[in-house]
Amino acid sequence: MDFVGGAVGHRLRSGEGRGQTLAKAAGLKSGKLPKIVDATAGLGRDAFLLASLGAEVTLIERSPQMHALLHDAMLRAKAEGGAYETIVSRMTLLHGDSRDIIPTLSPEVILIDPMHPPRQNTALVKKEMRVLRELVGADPDQAELMQIALVHAQKRVVLKWPLRAEPMPGVRKPSHQLLGKSTRYDVFMILNATPSI
(Lines give C-alpha, C1' and ligand atoms only; values in the text may rest on other atoms or scores of the structure.)
Protein backbone atom coordinates (compact mmCIF):
# COMPACT_ATOMS: atom_id res chain seq x y z
CA MET A 1 0.00 0.00 0.00
CA ASP A 2 1.57 3.24 -1.16
CA PHE A 3 0.23 6.78 -1.44
CA VAL A 4 3.47 8.25 -2.80
CA GLY A 5 4.37 5.94 -5.70
CA GLY A 6 2.27 3.90 -8.05
CA ALA A 7 -1.19 4.82 -9.30
CA VAL A 8 -2.12 7.03 -6.33
CA GLY A 9 1.01 9.14 -6.55
CA HIS A 10 0.60 9.42 -10.31
CA ARG A 11 -2.97 10.67 -9.94
CA LEU A 12 -1.81 13.32 -7.49
CA ARG A 13 1.14 14.46 -9.61
CA SER A 14 -0.95 14.61 -12.78
CA GLY A 15 -3.44 16.92 -11.09
CA GLU A 16 -6.45 14.62 -11.35
CA GLY A 17 -9.08 15.30 -8.77
CA ARG A 18 -12.08 17.56 -8.51
CA GLY A 19 -13.42 16.57 -11.94
CA GLN A 20 -13.43 12.89 -11.01
CA THR A 21 -16.72 11.12 -10.50
CA LEU A 22 -15.94 10.31 -6.84
CA ALA A 23 -15.36 13.99 -6.00
CA LYS A 24 -18.64 14.95 -7.68
CA ALA A 25 -20.52 12.16 -5.91
CA ALA A 26 -19.16 13.29 -2.54
CA GLY A 27 -20.33 16.86 -3.19
CA LEU A 28 -16.91 18.50 -3.46
CA LYS A 29 -17.02 21.74 -5.36
CA SER A 30 -15.34 25.10 -5.15
CA GLY A 31 -15.79 26.40 -1.61
CA LYS A 32 -17.50 23.20 -0.40
CA LEU A 33 -15.35 20.70 1.46
CA PRO A 34 -17.62 18.42 3.49
CA LYS A 35 -16.43 16.26 6.37
CA ILE A 36 -16.39 12.74 5.02
CA VAL A 37 -16.34 9.31 6.62
CA ASP A 38 -14.91 6.52 4.47
CA ALA A 39 -16.70 3.68 6.24
CA THR A 40 -14.90 0.91 4.34
CA ALA A 41 -11.38 2.31 4.01
CA GLY A 42 -9.75 -0.71 2.36
CA LEU A 43 -6.73 0.44 0.33
CA GLY A 44 -7.37 4.08 1.31
CA ARG A 45 -7.20 5.40 -2.25
CA ASP A 46 -10.59 7.11 -2.29
CA ALA A 47 -9.91 8.74 1.08
CA PHE A 48 -6.51 9.95 -0.11
CA LEU A 49 -8.02 11.44 -3.27
CA LEU A 50 -10.72 13.26 -1.30
CA ALA A 51 -8.16 14.53 1.24
CA SER A 52 -5.93 15.72 -1.63
CA LEU A 53 -8.84 17.96 -2.69
CA GLY A 54 -9.03 19.49 0.79
CA ALA A 55 -11.72 17.39 2.49
CA GLU A 56 -11.28 16.12 6.03
CA VAL A 57 -11.67 12.36 5.85
CA THR A 58 -12.11 9.85 8.66
CA LEU A 59 -11.19 6.36 7.51
CA ILE A 60 -12.69 3.39 9.33
CA GLU A 61 -11.22 -0.07 8.81
CA ARG A 62 -12.20 -3.13 10.82
CA SER A 63 -9.59 -5.57 9.48
CA PRO A 64 -6.55 -5.42 11.79
CA GLN A 65 -4.23 -6.27 8.89
CA MET A 66 -5.67 -3.60 6.57
CA HIS A 67 -5.66 -1.05 9.40
CA ALA A 68 -1.96 -1.75 10.03
CA LEU A 69 -1.14 -1.44 6.31
CA LEU A 70 -3.06 1.84 6.06
CA HIS A 71 -1.36 3.21 9.16
CA ASP A 72 2.05 2.36 7.70
CA ALA A 73 1.21 3.90 4.31
CA MET A 74 0.03 7.10 5.99
CA LEU A 75 3.22 7.34 8.07
CA ARG A 76 5.37 6.90 4.95
CA ALA A 77 3.38 9.54 3.06
CA LYS A 78 3.70 11.94 5.98
CA ALA A 79 7.46 11.36 6.07
CA GLU A 80 7.66 12.51 2.42
CA GLY A 81 6.72 15.99 3.61
CA GLY A 82 5.26 18.65 1.35
CA ALA A 83 1.91 17.95 -0.27
CA TYR A 84 1.83 14.35 1.01
CA GLU A 85 2.20 15.46 4.63
CA THR A 86 -0.53 18.07 4.15
CA ILE A 87 -2.91 15.53 2.62
CA VAL A 88 -2.32 12.91 5.34
CA SER A 89 -2.90 15.60 8.00
CA ARG A 90 -6.51 15.71 6.76
CA MET A 91 -6.91 11.94 7.19
CA THR A 92 -7.87 10.31 10.51
CA LEU A 93 -7.64 6.52 10.67
CA LEU A 94 -9.84 4.58 13.09
CA HIS A 95 -9.90 0.85 13.76
CA GLY A 96 -13.27 -0.74 14.40
CA ASP A 97 -16.66 -1.56 12.97
CA SER A 98 -18.27 1.33 11.10
CA ARG A 99 -21.69 0.22 12.32
CA ASP A 100 -20.57 1.07 15.86
CA ILE A 101 -18.43 4.12 15.08
CA ILE A 102 -20.64 6.06 12.64
CA PRO A 103 -23.31 6.84 15.28
CA THR A 104 -20.61 8.55 17.39
CA LEU A 105 -19.63 10.89 14.55
CA SER A 106 -21.48 13.65 12.71
CA PRO A 107 -20.30 13.26 9.13
CA GLU A 108 -21.80 15.29 6.34
CA VAL A 109 -20.96 12.59 3.81
CA ILE A 110 -20.48 8.84 4.27
CA LEU A 111 -18.71 6.85 1.56
CA ILE A 112 -19.29 3.09 1.44
CA ASP A 113 -17.31 0.85 -0.91
CA PRO A 114 -18.10 -2.69 0.28
CA MET A 115 -16.88 -5.92 -1.24
CA HIS A 116 -18.74 -6.07 -4.52
CA PRO A 117 -20.86 -9.02 -5.64
CA PRO A 118 -19.01 -11.63 -7.72
CA ARG A 119 -18.61 -10.69 -11.36
CA GLN A 120 -20.78 -12.40 -13.95
CA ASN A 121 -18.00 -12.42 -16.56
CA THR A 122 -14.88 -14.54 -16.42
CA ALA A 123 -12.32 -11.72 -16.29
CA LEU A 124 -10.07 -11.98 -13.26
CA VAL A 125 -10.30 -9.22 -10.68
CA LYS A 126 -7.04 -7.29 -10.24
CA LYS A 127 -4.55 -9.05 -8.00
CA GLU A 128 -4.66 -6.33 -5.33
CA MET A 129 -8.43 -6.67 -5.07
CA ARG A 130 -8.14 -10.45 -4.75
CA VAL A 131 -5.63 -9.97 -1.91
CA LEU A 132 -7.94 -7.41 -0.29
CA ARG A 133 -10.85 -9.85 -0.46
CA GLU A 134 -8.69 -12.56 1.13
CA LEU A 135 -7.70 -10.24 3.99
CA VAL A 136 -11.07 -8.63 4.59
CA GLY A 137 -13.50 -11.31 3.47
CA ALA A 138 -17.03 -10.66 2.26
CA ASP A 139 -19.26 -7.93 3.68
CA PRO A 140 -22.45 -9.78 4.64
CA ASP A 141 -23.53 -6.79 6.75
CA GLN A 142 -23.24 -4.19 3.98
CA ALA A 143 -27.00 -3.48 3.81
CA GLU A 144 -27.05 -2.93 7.59
CA LEU A 145 -24.11 -0.52 7.26
CA MET A 146 -25.96 1.36 4.54
CA GLN A 147 -29.05 1.71 6.74
CA ILE A 148 -26.95 3.07 9.62
CA ALA A 149 -25.22 5.48 7.26
CA LEU A 150 -28.55 6.74 5.91
CA VAL A 151 -29.67 7.54 9.46
CA HIS A 152 -26.48 9.31 10.56
CA ALA A 153 -25.15 11.16 7.49
CA GLN A 154 -26.07 14.84 7.51
CA LYS A 155 -26.06 15.44 3.76
CA ARG A 156 -25.47 12.34 1.65
CA VAL A 157 -24.39 8.71 1.50
CA VAL A 158 -22.35 7.56 -1.48
CA LEU A 159 -22.31 3.87 -2.40
CA LYS A 160 -19.53 2.80 -4.78
CA TRP A 161 -20.89 -0.14 -6.71
CA PRO A 162 -20.11 -2.09 -9.92
CA LEU A 163 -21.42 -0.29 -12.99
CA ARG A 164 -23.81 -3.02 -14.15
CA ALA A 165 -24.61 -4.69 -10.83
CA GLU A 166 -28.14 -4.92 -9.49
CA PRO A 167 -28.95 -2.42 -6.69
CA MET A 168 -27.90 -3.47 -3.21
CA PRO A 169 -30.79 -5.51 -1.77
CA GLY A 170 -32.69 -3.91 1.09
CA VAL A 171 -31.60 -0.35 0.31
CA ARG A 172 -33.86 2.40 -1.00
CA LYS A 173 -33.47 3.82 -4.49
CA PRO A 174 -30.67 6.42 -4.77
CA SER A 175 -31.44 10.07 -5.41
CA HIS A 176 -29.16 9.97 -8.44
CA GLN A 177 -26.22 8.07 -9.92
CA LEU A 178 -22.89 9.07 -11.39
CA LEU A 179 -21.33 6.57 -13.78
CA GLY A 180 -17.64 5.78 -14.17
CA LYS A 181 -15.91 3.33 -16.49
CA SER A 182 -16.39 0.22 -14.37
CA THR A 183 -18.12 1.52 -11.24
CA ARG A 184 -21.01 3.77 -10.44
CA TYR A 185 -21.76 5.99 -7.47
CA ASP A 186 -25.26 5.67 -6.06
CA VAL A 187 -25.88 8.95 -4.23
CA PHE A 188 -28.49 9.05 -1.48
CA MET A 189 -29.33 12.62 -0.53
CA ILE A 190 -30.55 13.05 3.03
CA LEU A 191 -34.04 14.53 2.89
CA ASN A 192 -33.61 17.06 5.70
CA ALA A 193 -30.29 18.28 4.28
CA THR A 194 -29.77 21.33 2.11
CA PRO A 195 -29.87 20.12 -1.51
CA SER A 196 -26.48 20.11 -3.21
CA ILE A 197 -25.50 17.98 -6.19
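Residues numbered from 1 in each chain as written. Predicted model: local features only at pLDDT ≥ 70, side-chain atom pairs only at ≥ 80, totals over all residues. Heavy atoms only, no water.

- The name that an unreviewed UniProt entry assigns to the protein chain is Ribosomal RNA small subunit methyltransferase J, with the source organism given as Rhizobium skierniewicense.

**What about the nonpolar core?**
And then number 1: In terms of nonpolar packing, the biggest core is built from 34 residues, with Phe3 and Met91 touching the most fellow members.
And then number 2: Top contributing element to this core by residue count: helix α3 (residues 45-52), with 5 residues.
And then number 3: If we skip the residues at most four places from it in the chain, Met91 touches Phe3, Ala47, Phe48, Ala51, Val57, Leu59 and Met74.
And then number 4: Residues Ile112, Val171, Phe188 and Ile190 belong to the second largest nonpolar core, which totals 21 residues. (Core = buried A, V, L, I, M, F, W, Y, C linked by side-chain atoms within 4.5 Å. Buried < 20%, exposed > 50% of the residue type's maximum accessible area, 1.4 Å probe, protein only. Helix = DSSP H or I, 4+ residues; strand = E, 2+ residues; numbered from the N terminus. Contact = heavy atoms within 4.5 Å.)

**Considering the pairing of strand β2 (residues 57-61)**
And then number 1: The buried fraction of β2 amounts to 5 of the 5 residues, a majority that puts the element mostly inside the structure.
And then number 2: Pairing of strand β1 (residues 36-38) with β2, which is carried by 3 bridges, proceeds in the parallel orientation. Paired with Ile36 across the strands is Val57, a residue of β2.
And then number 3: Taking the sense of rotation as the criterion, the β-α-β connection linking β1, α3 and β2 turns out right-handed. (Pairing = 2+ DSSP bridges. Right-handed = clockwise from strand over helix to strand, strands pointing away.)

**With respect to helix α4 (residues 64-80)**
And then number 1: With 17 residues, α4 should reach 24 Å at 1.5 Å per residue; the first-to-last C-alpha distance of 25 Å fits that figure.
And then number 2: Residues of α4 that are buried include every one of Met66, His67, Leu70, Ala73, Met74 and Ala77, and no others. Buried residues of α4 fall within an arc of 130 degrees about the axis and therefore sit on the same side. Turned more than 90 degrees from where α4 packs its buried face, Pro64 and Ala79 sit exposed. (Expected span 1.5 Å × (residues − 1). Arc of directions from axis to C-beta.)

**As for the side chain of His67**
And then number 1: Among the secondary structure elements, His67 is positioned in helix α4.
And then number 2: Discounting residues that sit within four places of it in the chain, His67 has contacts with Glu61, Leu93, Leu94 and His95.

**Overview of the environment of Leu94**
And then number 1: Along the chain, Leu94 turns up in strand β3 (residues 91-95).
And then number 2: Look at Leu94 and you get partly exposed, because its relative accessible area is 26%.
And then number 3: The sequence separation of Leu94 and Thr58 amounts to 36 residues, and the corresponding C-alpha distance is 7.2 Å.
And then number 4: In contact with Leu94, other than residues within four places in its own chain, are Thr58, Leu59, Ile60, Glu61, His67 and Ile101.

**Things to note about the pattern of salt bridges**
And then number 1: For the structure shown, the criterion picks out 12 salt bridges.
And then number 2: The partner of Lys155 in a salt bridge is Glu108, with the nearest N and O atoms 3.1 Å apart. Placement of Lys155 in the loop between α8 (142-152) and β5 (156-162) and of Glu108 in the loop between α6 (98-101) and β4 (109-112) is noted, with a sequence separation of 47 residues between them.
And then number 3: Assessed through its relative accessible area of 34%, Lys155 is described here as partly exposed.
And then number 4: What emerges from the salt-bridge pattern is a single network uniting Arg62, Asp97, Arg99, Asp141 and Glu144. (Salt bridge = Lys/Arg side-chain N within 4 Å of Asp/Glu carboxyl O.)

**Looking at the UniProt feature "binding site: S-adenosyl-L-methionine" (unreviewed entry) in the protein chain**
And then number 1: Mapped onto the present numbering, the UniProt feature "binding site: S-adenosyl-L-methionine" (unreviewed entry) falls on Arg45, Asp46, Glu61, Arg62 and Asp113.
And then number 2: You can see Arg45 is positioned in helix α3.
And then number 3: When its relative accessible area of 31% is taken as the criterion, Arg45 is described as partly exposed.
And then number 4: We classify Glu61 as buried; its relative accessible area is 5%. (UniProt positions renumbered as here; feature names shortened; annotations may be inferred.)

**Here's the deal with the packing of α3 against helix α5 (residues 82-89)**
And then number 1: Two numbers describe how α3 lies on α5: the axes approach to 8 Å, and their chain directions differ by 105 degrees. Comparing the axis directions of α3 and α5 gives the class roughly perpendicular. Of the residues in α5, those in contact with Phe48, Ala51 and Ser52 of α3 are Tyr84, Ile87 and Val88.
And then number 2: Class assignment for the residues of the contact of α3 with α5 results in 5 nonpolar, 1 polar and no charged. (Axes fitted to C-alpha atoms, helices over the stretch in contact; angles between N-to-C directions. Parallel < 35°, antiparallel > 145°, perpendicular 65-115°, else oblique. Nonpolar A, V, L, I, M, F, W, Y, C, P; charged D, E, K, R; others polar.)

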